[in-house]
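# Residue-level structure breakdown
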Amino acid sequence: MSKITLVTIGLWLSLMGCSHSTSSESKGSEPVVSQLGEAGIKGNGAIPLELDNGTHWYVTSELNGLWVLDDKGHTHAHKDGNYEALSVQRLSPEKDLLAALNKESGMLELMTFHRSELTFQFIDHIENPKAKLENQCFHNSAEGYLSLLAIDVQGQVDEWLVYDKKHAAHKKQKLRSFSAAPNTIACVSDSERIYLAEEHIGVWSIQGNIETKLVRTPVLLKSPNSDLKDDVSGLSLLADNTLVISSEDAHAVFLVNNHKQEQKIQKISFGEEIKPRTAHGFISDGQLLLSIYDDEGDQYLTRRISYTSYPKANQKTHSGNVVEASFETEPVRKHGDAADDPAIWVNSKQPQKSRILGTDKRSGLSVYDFNGAELQHLNVGRLNNVDLRTELKVGEKTLSLAAASNRTHNSISLFKLNESNGDVSHLTEIPTTLDNIYGLCMASWNSRGYVIANDADGRYQILELNQQNAALSAQKVREFTLPSQPEGCVVDDNSGYLYMGEEDAGIWRTSLQSATSSIDKLISVGEHLAADVEGLAIYVKNEKERFLVASSQGDDSYVAYQIDNGLTYSGRFKVGINMKKSIDGSSETDGLAATSLPLPGYPKGILVVQDGYNQLPSEPQNFKIIDWQDIGPLLLSTEAH
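Figured I'd write up the structure that's included with this text. (Residues numbered from 1 in each chain as written. Predicted model: local features only at pLDDT ≥ 70, side-chain atom pairs only at ≥ 80, totals over all residues. Heavy atoms only, no water.)

This paragraph deals with the overall build of the protein chain. Counting secondary structure elements, the protein chain contains 2 helices and 52 strands. In terms of overall dimensions, the protein chain has C-alpha extents of about 90 × 50 × 50 Å along its principal axes. Out of the 641 residues in the protein chain, the part that is buried amounts to 56%. When contacts within the protein chain are restricted to residue pairs at least 6 apart in sequence, long-range pairs at least 24 apart make up 48% of them. Taken as a whole, the protein chain presents about 26,100 Å² of accessible surface, with 45% of it coming from carbon and sulfur. For the protein chain, the distance from the average position of its 59 positive side-chain charges to the average position of its 85 negative side-chain charges is 4 Å. (Helix = DSSP H or I, 4+ residues; strand = E, 2+ residues; numbered from the N terminus. Buried < 20%, exposed > 50% of the residue type's maximum accessible area, 1.4 Å probe, protein only. Contact = heavy atoms within 4.5 Å. Areas by Shrake-Rupley, 256 points an atom, 1.4 Å probe, with all protein chains shown as cover. Lys, Arg positive; Asp, Glu negative; His and termini not counted. Charge placed at Lys NZ, Arg CZ, Asp CG, Glu CD.)

The following block contains the structure:
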């Protein structure tokens, strides 16, 4: 279960000090112009609906169901039931998707409304067996799907995938669960952010992307010195992304817009006799037509006010270089920041017994097959990075080995790869003189085998593997230091070049040729690469074209450079949600691995990336596997330069 990180009030006050806030008030001199429908129906909300013959309203009633009324209160469609909260999302010019909370069953009902036919059609229902549902809202994600957030009375939120926009298909699968706050009574969203109303506190927002950390940011909080001095009762959004915050105790509705970093607040007062529990609005011809549910009079009311729309900010969309995972591994065994680095073992003798190795830095090493199932788990300590080499020359013998940085023992864990049965077995621990071993990679170069390990303080040690009397050992042949913390590294076995990521700065290179080889910074964090720089891998397309792939953790992307063209930038891509296979995207990737060797079903090899937020549903971290055939066309070839 994820938790939302709280931005402190002190930070909020400093942020508010940096941005300008203005407020105004519209008082009772602008009267409520009409009552919508009948009183005494135990309503909740009236949401505008534009039909060919004018403005209509979706109206809920705990007694009489769901209605479509025109502005004179005439009925155009009706569905029996006992409905409280209602959310509406346009699917097409002819069809809306509705989510209505049925008070009698306690379930959320999903249904469509056909505008031309004026008919409702039931799709599915969502229930919460653990706690009573309080409210819900749709999130029209920039990632290409429509989700529904269901809030229960304990402040827990379940986010459900309900519609695949790309394939125009209804879905029902839990994306994630997280804790909001007790007394969270309503939510609403645009394509980027989700707004949550906490009854006695105010309104917060969080990022809408399920692959990001849940950090809540204040929008408008209740305070004696704030425009909002009373409890919040409802929340909605206008077409120009202005928030509509209703407050029964204040007898008012607040319009809040953060256009160009300047927060503008307009208070619309209704007088002591009216208590607006909810409010929704429709903008047209310089006016805002506002509907409220008056809890005091148990009635729907509408009111027109003069209104100037704000320019709508450009919404980000995830188009262009986005690939999808073909499959994913089972979650690692430990919760939190646990999974870290993968390695790909292509079993040349029995390709069907090829394996993916993945570290759990709270537990050990897991071994997965190419269906993502965990076959083995070796609990040998807190392993951070892993790499492997087959046919590695060690002394007089040729071995297939994996090595991992073991933070429990400040050592290097060595493992045997058994090609006959696909098993991995722990061989030994090689001690190091590092204080806090961190990243690791291997090399097979000049008929020798190497393990390269680094420390969080920037130190690197290159160790040559040896074997005497069947015992494996390692001798340090070089030590040097980068300016700040490194982690990911990879060796080009053809050239003997070692590529190293300095998390906050960029990518460095040195050679295994000599203990005095220069250490050169080749790529800096900036236009294409965002800190932290994490995992590094090499993909060999052919003898003349190889790519260095880096995890650009700061923007949840992957950047490729052409090794044989002076590390020329070749392209970048992200891993998005795979709707058909119900696999989420990847984000905050630590380690990654690539191979161009053919594997069953993957003739051009694969890329494996660690996923920092494993959703759909929310589970411990894991590894995502991407077919290189999907990545290759996104990268510039050498011939293009």
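Past the structure itself, the notes keep going.
All right, on to the pairing of strand β16 (residues 169-179) then. Pairing of strand β15 (residues 156-164) with β16, which is carried by 8 bridges, proceeds in the antiparallel orientation. Bridge pairing in β16 places Gln156 opposite Ser179. Taking the residues that link successive antiparallel strands as the turn, the β15-β16 hairpin has 4 residues, and the phi of Ala168 there is positive, at about 50°. (Pairing = 2+ DSSP bridges.)

All right, on to the state of the cysteines then. Within the structure shown, the criterion is met by 2 disulfides. Two residues share a disulfide in this structure: Cys137 and Cys187, whose sulfurs sit 2.1 Å from each other. Note on the Cys137 and Cys187 pair: the S-S dihedral is about -115°, so by sign convention the disulfide is left-handed. With Cys137 in strand β13 (residues 133-140) and Cys187 in strand β17 (residues 184-189), this residue pair connects regions lying 50 residues apart in the sequence. Cys137 sits in the buried class, given a relative accessible area of 3%. Exposure remark for Cys187: the relative accessible area of 5% places this residue in the buried category. The side chain of Cys441 participates in a disulfide bridge whose partner is Cys489; the two sulfur atoms lie 2.3 Å from each other. (Disulfide = S-S within 2.5 Å.)

What the 4 strands build is an open sheet, ordered β42-β43-β44-β45; its pairing is antiparallel. Both edges of this open sheet fall to β42 (486-492) and β45 (520-524), since each of them pairs with a single strand only. In this sheet, neighbouring strand axes are inclined to one another by 25° on average, regardless of whether the strands run parallel or antiparallel. (Axes fitted to C-alpha atoms, helices over the stretch in contact; angles between N-to-C directions.)

What characterises a pair of aromatic rings is the spacing of the ring centres plus the angle enclosed by the ring planes. Considering all chains together, one arrives at 10 aromatic pairs under this definition. Ring geometry for Tyr58 and Phe113: centres 5.5 Å apart, planes at 85°, overall edge-to-face. In this pair, Tyr58 is assigned in strand β6 (residues 54-61) and Phe113 in strand β11 (residues 108-114), connecting sequence segments 55 residues apart. Through a chain of ring-to-ring contacts, the aromatic side chains of Tyr58, Phe113 and Phe120 assemble into a single cluster. A cation sits over an aromatic face here: Arg303 above Phe270, 5.0 Å from the ring centre. Across from the ring centre of Tyr497, 4.0 Å away, lies the NZ or CZ of Arg509, which sits over that ring. (Phe/Tyr/Trp six-rings, centres within 6.5 Å; stacked < 30°, edge-to-face > 60°. Lys NZ or Arg CZ within 6 Å of the ring centre and 35° of its normal.)

Here the focus is unusual backbone geometry. Put simply, Ala531 and Asp532 share a cis peptide bond, and its omega is 5°. By the element assignment, Asp532 lies in the loop between β45 and β46 (533-542). Following Leu616, the chain continues into Pro617 via a peptide bond in cis, with omega recorded as 0°. Relative to the assigned elements, Pro617 resides in the loop between β51 (606-611) and β52 (622-627). The phi dihedral of Asn446 is positive, around 55°, even though this residue is not glycine. On the secondary structure map, Asn446 appears in the loop between β38 (437-445) and β39 (448-455). With phi around 45°, Glu588 is a residue other than glycine that occupies positive phi space. Summarising the element assignment, Glu588 is placed in the loop between β49 (568-576) and β50 (592-595). On the basis of relative accessible area, Glu588 is assigned to the partly exposed category, the value being 31%.

Let us look at the side chain of Glu419. With respect to the helices, strands and loops of the structure, Glu419 is situated in the loop between β36 (411-418) and β37 (423-431). Look at Glu419 and you get buried, because its relative accessible area is 14%. The contact partners of Glu419, leaving out residues within four places of it in the chain, are Trp345, Asn347, Ser348, Lys349, Gln350 and Ser400.

The next point concerns the sheet that holds β51. One open sheet holds the 4 strands; their spatial order is β29-β52-β51-β50, and the pairing between them is antiparallel. Either end of the sheet is taken by a strand with one partner, and the two such strands are β29 (327-328) and β50. When β29 meets β52, the two strands line up antiparallel, connected through 2 bridges. Looking at β52, one finds that Glu328 is bridged to Lys624.

Turning our eyes to something else, we now look at the pairing of β39. In terms of residue burial, β39 counts as a mostly covered element, since 7 of its 8 residues are buried. Two elements, β39 and strand β40 (residues 459-468), share 5 bridges in a ladder whose sense is antiparallel. When the bridges of β40 are listed, Ile452 appears paired with Ile462. In textbook terms, the turn of a hairpin is the stretch between consecutive antiparallel strands, and for β39 and β40 this stretch comprises 3 residues, one of which, Gly458, has a positive phi near 105°.

Residue position: Ile206 is located in strand β19 (residues 202-207). Take Ile206: its relative accessible area is 0%, and that puts it in the buried class.

Here Gln287 shows up in strand β26 (residues 287-294). Accessibility expressed as a relative area gives 32% for Gln287, which makes it partly exposed. As a C-alpha pair, Gln287 and Ser306 span 19 residues in sequence and 4.5 Å in three-dimensional space. Excluding residues within four positions of it along the chain, Gln287 makes contact with Phe282, Arg304, Ile305 and Tyr307.

A separate point is the nonpolar core. For soluble globular proteins, nonpolar side chains are generally found buried alongside one another. Counting 18 residues, the largest nonpolar core has Val203, Leu235, Leu243, Ile245, Phe254 and Val256 as the members making the most contacts within it. Of all elements in the fold, only β17, β18 (193-198), β20 (215-221), β22 (243-247) and β23 (252-259) reach the threshold of two or more residues within this core. Ignoring sequence-local partners within four residues, the contact set of Val256 consists of Val219, Leu220, Asn241, Thr242, Leu243, Ile245, Gln263, Lys264 and Ile265. (Core = buried A, V, L, I, M, F, W, Y, C linked by side-chain atoms within 4.5 Å.)

So, about the pattern of salt bridges. With the rule as written, the count across this model stands at 32 salt bridges. Put simply, Arg216 and Glu198 hold a salt bridge, and the shortest N to O gap is 3.3 Å. One end of the pair, Arg216, is in strand β20; the other, Glu198, is in strand β18, and 18 residues separate them in sequence. Each member of the pair, Arg216 as well as Glu198, is classed as buried. Between Lys361 and Asp590 there is a salt bridge; the shortest N-O distance is 3.5 Å. Within this pair, whereas Lys361 is found in the loop between β31 (355-360) and β32 (364-368), its partner Asp590 is found in the loop between β49 and β50, the two being separated by 229 residues in sequence. Relative accessible area serves as the criterion here: at 11%, Lys361 is assigned to the buried category. Beyond isolated ion pairs, a larger network of salt bridges with shared partners links Asp435, Asp455, Asp457, Arg459, Lys476 and Glu479. (Salt bridge = Lys/Arg side-chain N within 4 Å of Asp/Glu carboxyl O.)

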